[in-house]
Amino acid sequence: MGTSEFDEQYAHLKIVDIKEHIRLKHGKKFAVSMGIKASKYETLVFTDADCAPQSDQWLKEIASAFRPETEIVLGYSPILRKEVYSTS
C-alpha cells in the first residue's frame, strides 16, 4: 500500500517522511521521536510491526484505561512459538 492509498483510506493519518542521511542512522528510536514531535495530540499509541491485535477493538480497550490522572497505559503481546519441523 503506497502513501497516497494510506492518505485516501485514513483521512486523519499524518505521514512523517524521514530521508536517509549518509552519516546518520535512523532506527526505530529516531522514527518514534519524529512521530512524537509531529503529533498534535497528547495521547499517543504505539505498537510494533510484528504485533497482531487479537481484536478489532484493541485500540478502544487501551483508550478505556486512560483517566485524567493516568500518564501511561501499557499492554503486552505474548510470544507465540510456532512449531518448526525439519525434513532432514
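Residues numbered from 1 in each chain as written. Predicted model: local features only at pLDDT ≥ 70, side-chain atom pairs only at ≥ 80, totals over all residues. Heavy atoms only, no water.

Quick look at the environment of Phe66
As a reminder, the rule being used: Strands are runs of DSSP state E lasting at least two residues, helices are runs of H or I lasting at least four, and both sets are numbered from the N terminus onward. The contact rule is simple, with two residues in contact once any of their heavy atoms fall within 4.5 Å.
The topology assignment puts Phe66 in the segment after helix 3 (58-63). As for Phe66 and Thr43, which are separated by 23 residues in sequence, their C-alpha atoms are 9.1 Å apart. Dropping the residues within four chain positions of it, Phe66 is found in contact with Thr43 and Val73.

Here we look at a nonpolar patch on the surface
For the record, the criterion: Nonpolar side chains (Val, Leu, Ile, Met, Phe, Trp, Tyr) within 5 Å and like charges within 9 Å form the patches, drawn only from residues with over 30% relative accessible area and no salt bridge. Each accessible area is a Shrake-Rupley result for a 1.4 Å probe, and residues are judged covered by the shown protein chains and nothing else. Take a side-chain nitrogen of Lys or Arg and a carboxyl oxygen of Asp or Glu: if they are within 4 Å of each other, that pair is a salt bridge.
Where nonpolar side chains cluster on the molecular surface, the patch consists of Phe6, Tyr10, Leu13 and Ile15 and spans about 330 Å² of accessible area. Mapped onto the fold, Leu13 is located in the loop between helix 1 (3-9) and helix 2 (28-38).

Focus on the confidence of the model for the protein chain
Here is the rule: Per residue, pLDDT captures the predictor's confidence, and it can take any value from 0 to 100.
Looking at the protein chain, the pLDDT average stands at 81 and 90% of residues meet or exceed 70. Taking the mean pLDDT of every element in the protein chain, the minimum, 75, falls on helix 1 and the maximum, 90, on helix 3.

Regarding the environment of Arg67
Note the threshold: The buried label goes to any residue with under 20% of its type's maximum accessible area, the exposed label to any with over 50%, and the partly exposed label to all in between, with areas taken from a 1.4 Å probe on protein chains only. Pairing of N or O atoms within 3.5 Å defines a polar contact, subject to two protein rules: one partner must be a possible hydrogen donor and the other a possible acceptor, and residues neighboring in sequence count only if both atoms are side-chain atoms.
In this fold, Arg67 is placed in the segment after helix 3. Overall, Arg67 belongs to the partly exposed group, its relative accessible area being 46%. From its side chain, Arg67 meets the backbone oxygen of Ser64 in a polar contact 2.5 Å long.

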